[in-house]
Amino acid sequence: MRIRTQAVLLSVVPLTFLIVLFFIASVLQTKTDETATWSQRSTNTLKQSELIAKTIGDANSSIVEYTTKKAIPANLAGYRTAVDSLPAKVAELRRLVAGEPGQDARAVRYGRATNAIMGVLTRYLTIWKSGKKTQAQAAVNSAQTRKIVDEFTAARHDFEEIERVRALSRYDALHRDLERLGKVFLASSIAGSLLTLFV
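If you're wondering where the values come from, they're calculated on a predicted model, not measured in any experiment.

A closer look at the nonpolar core
In step 1: Among the nonpolar cores identified, the biggest contains 28 residues, and I52, I56, I63, Y79, Y110 and M118 are the most heavily contacted of them.
In step 2: Where this core is concerned, the elements lending two or more residues are α1 (2-68), α2 (77-96), α3 (101-129) and α5 (143-198).
In step 3: Here this core takes ten residues from α3, the largest share from any one element.
In step 4: Sequence-distant contacts of I63, defined by excluding residues within four places in its chain, comprise L76, Y79, L121, Y124 and L125.

Put into structure tokens, the structure is as follows:
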């Protein structure tokens, strides 16, 4: 009976260790999957933000090309693309951060700043086409236009900076979880070894 009891106890020790190991592996897999999902989302969000800024840059370049080099419709391709595609790009940015109240509000601000920038470009182009080139240049150089540009720059920087900070904080959280799981694994190994020797 005593030998049988010891045999049962000896079989329980590795079984318990395997259960603990399975639990640790499951938690680790879940944490890794969550981090991978958030990492991909953050990467997509930052890429979308850069795409919006690039689209505006292309629109501005095409207007400069049209008004300073050759006033042909082909030179306004970048501007037309921006007018057609920016609403969808801003909507996609908001979709990517949906469910995050802070970032969603920043995405709304970013979208408003984007619309304001495009409004400046459209007004400049409209005035220039009407033959009032001096007025068009004055509108671009006005304090109001500088304020709009500064707001766009600030909105974009704020949005992207917070996104990067959140991504880093999630990596830090994963690192802490891995450290805790490592300690649990080490403690379980030591306890299992000692219990086996005792039995």
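From this point, the narrative continues.
A word on the side chain of K89
In step 1: Mapping K89 onto the fold places it in helix α2.
In step 2: Buried charge without a partner: K89 forms no salt bridge, and the closest opposite charge is D58, 7.2 Å away.
In step 3: When neighbours within four sequence positions are excluded, K89 is seen to be in contact with Q48, L51, I52 and T55.

Concerning the environment of G192
In step 1: Mapping G192 onto the fold places it in helix α5.
In step 2: Assessed through its relative accessible area of 14%, G192 is described here as buried.

A word on the pattern of salt bridges
In step 1: Enumeration over the complete set of coordinates arrives at twelve salt bridges.
In step 2: Where R41 meets E163, a salt bridge forms, and the shortest distance between an N and an O atom there is 2.6 Å. In this pair, R41 sits in helix α1 while E163 sits in helix α5, placing the two residues 122 residues apart along the sequence. Like E163, R41 is buried.
In step 3: A salt bridge links E92 to R95, with the shortest nitrogen-to-oxygen separation between them at 2.8 Å. One end of the pair, E92, and the other, R95, are both in helix α2, three residues apart, so they sit about a helical turn from each other.
In step 4: According to the relative accessible area criterion, R95 is exposed, its value standing at 52%.
In step 5: Salt bridges sharing common partners tie together R41, E100, E163 and R166.

Side note on the packing of aromatic side chains
In step 1: The tally for this structure, following the rule as stated, stands at three aromatic pairs.
In step 2: Ring centres of Y110 and F152 lie 5.8 Å apart, and the angle between their planes is 50°; this geometry places the pair in the tilted category. Highlighted residues: Y110 in helix α3 and F152 in helix α5, separated in sequence by 42 residues. Each member of the pair, Y110 as well as F152, carries the same accessibility label: buried.
In step 3: With 5.8 Å between their ring centres and 45° between their planes, Y110 and F159 make a pair best called tilted. Here the residue Y110 occupies a position in helix α3, and F159 occupies one in helix α5, the gap between them amounting to 49 residues.
In step 4: Using a relative accessible area of 0% as the deciding quantity, one classes F159 as buried.
In step 5: An aromatic cluster is built from Y110, F152 and F159, whose rings are joined through pairwise contacts.

What counts, and at which threshold
Residues numbered from 1 in each chain as written. Predicted model: local features only at pLDDT ≥ 70, side-chain atom pairs only at ≥ 80, totals over all residues. Heavy atoms only, no water. Core = buried A, V, L, I, M, F, W, Y, C linked by side-chain atoms within 4.5 Å. Buried < 20%, exposed > 50% of the residue type's maximum accessible area, 1.4 Å probe, protein only. Helix = DSSP H or I, 4+ residues; strand = E, 2+ residues; numbered from the N terminus. Contact = heavy atoms within 4.5 Å. Lys, Arg positive; Asp, Glu negative; His and termini not counted. Salt bridge = Lys/Arg side-chain N within 4 Å of Asp/Glu carboxyl O. Phe/Tyr/Trp six-rings, centres within 6.5 Å; stacked < 30°, edge-to-face > 60°.

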